Amino acid sequence: GRRRPKRDDDKRRGDGEEDEDRRQRLERLNVLQQRLDDKADHIGTLPTRQWRQQVTDYLTDAGQIFDLKEELTQEDDVRKGWTVHIIDVRRVIKVTKRGGVMRVSALVVAGDGNGTASYGKARAEEMSDAVSKAFRKAKANPFYVERYFYPKPLFPGDNTIFFPAKAKVSASKVEMWPGSQFTGLRCNKTVMQIMDCFGISDINVKTRGSRNKTNMVKAVFKGLSSIRTPWEIAAARGLSYREVTYAERRAMNSPTQRNKRIRAMADERRAAERREVLTSLQSDPPTSQL
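Residues numbered from 1 in each chain as written. Predicted model: local features only at pLDDT ≥ 70, side-chain atom pairs only at ≥ 80, totals over all residues. Heavy atoms only, no water.

Engineer: Mind showing me how you'd approach the nonpolar core here?
Structural biologist: Across soluble globular proteins, nonpolar side chains have a tendency to be buried as a group. Counting residues in hydrophobic clusters, the biggest one holds 31 residues, and the most contacted among them are Met176, Met195, Phe198, Ile203, Val205 and Leu224. Sorting the residues of this core by element identifies β2 (99-111), β7 (165-169), β8 (172-178), α4 (189-198), β10 (203-209) and α5 (213-225) as the ones contributing at least two each. Trp82, Val104, Ala122 and Ala134 belong to the second largest nonpolar core, which has 14 residues in total. (Core = buried A, V, L, I, M, F, W, Y, C linked by side-chain atoms within 4.5 Å. Buried < 20%, exposed > 50% of the residue type's maximum accessible area, 1.4 Å probe, protein only. Helix = DSSP H or I, 4+ residues; strand = E, 2+ residues; numbered from the N terminus.)

This is how it looks when you write it as structure tokens:
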């Protein structure tokens, strides 16, 4: 059935972890700022030896505050107008000669909701740093997908894809079909978040094989990137735009249209046979027997 009302809830639930990390960093920024103010008031009353150590700590905290403010400002500027979904977060351990180093791996999908989206995967010691690095990777390699907008939509902006598509990455298989109006997003949660980043409102998607999220995301992007637009197909085949659109092909393959074509071909064949008979009679008229 129609699953569109669940999209906003899924989006808020997917972005909750990222909002929590941002809130923690803002709290850390306030703590550092308060500590810096206290040190500034206390430095002038200390002896020379302690004064030097306090100044060193003061400059260290000031540098941390500057870096944190710059990081938060850059994220606000970069993410403005983009929808970000955290697909998967895992803790990974890299074994070295000094022991195991635990890090966080994040898979992120981001898009502007207007046909452009991408994905990125990155590792860092903190979850917020991994998400930020993954988003920067996604922003650096965008994908664009042409969408079919309905001629008379009930809701402005309703759209779907032009043609069916299939893709396979490792053991993950994805099949996609265009959806009629009011179809909604008939797919699992991971694919739903990807379609939300692209701004696709109606589509049918079936995933088979492995449910590995990384391979599933790659398969979806591979399938959407393989869809050619009708005008590209028309230019390659020398046809008109209407002859290659999905709606026109579906109408031409309907039983009513197929029966009409069969009857037209039969009438044309009978007409050609009659013309051949008349031509043969005119070229060799029959002789009368006395």
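Engineer: It is not clear to me how the pattern of salt bridges should be interpreted in this structure. Could you clarify?
Structural biologist: A side chain of one charge can pair with a side chain of the opposite charge if their charged atoms are brought near each other. Scanning the model with the defined rule gives three salt bridges in all. A salt bridge links Arg90 to Asp88; the nearest nitrogen and oxygen atoms lie 3.8 Å apart. With a relative accessible area of 43%, Arg90 lands in the partly exposed category. For Arg270, the salt bridge goes to Asp267, with nearest N and O atoms at 2.3 Å. Taken together, the residues span about one helical turn, with Arg270 and Asp267 both in helix α8 (residues 255-283) at a distance of three residues. Owing to a relative accessible area of 42%, Arg270 belongs among the partly exposed residues under this scheme. (Salt bridge = Lys/Arg side-chain N within 4 Å of Asp/Glu carboxyl O.)

Engineer: Is there a simple way to think about the sheet that holds strand β1 (residues 83-96) in this case?
Structural biologist: One key point about sheets: their strands pair by backbone hydrogen bonds, in either a parallel or an antiparallel sense. Across the sheet, four strands lie side by side as β1-β2-β3-β4; this open sheet has antiparallel pairing. Every other strand in the sheet has two partners, leaving β1 and β4 (143-144) as the edge strands with one partner each. Taken strand by strand, α4 contacts β1, β2, β3 (116-124) and β4, and its axis lies near 125° from that of β1. Strands in contact with α5 are β1, β2, β3 and β4; relative to β3, the strand with the most contacts, it is inclined by about 155°. (Pairing = 2+ DSSP bridges. Contact = heavy atoms within 4.5 Å. Axes fitted to C-alpha atoms, helices over the stretch in contact; angles between N-to-C directions.)

Engineer: Hey, could you run me through α4 in this one?
Structural biologist: At 3.6 residues per turn, the α-helix brings residues three or four places apart onto the same side. Counting buried positions along α4 gives nine out of ten residues, so the element sits mostly inside the fold. Buried within α4 we find Thr190, Val191, Met192, Gln193, Ile194, Met195, Asp196, Cys197 and Phe198. Gly199 sits one or two positions beyond α4 and adopts a positive phi of about 85°.

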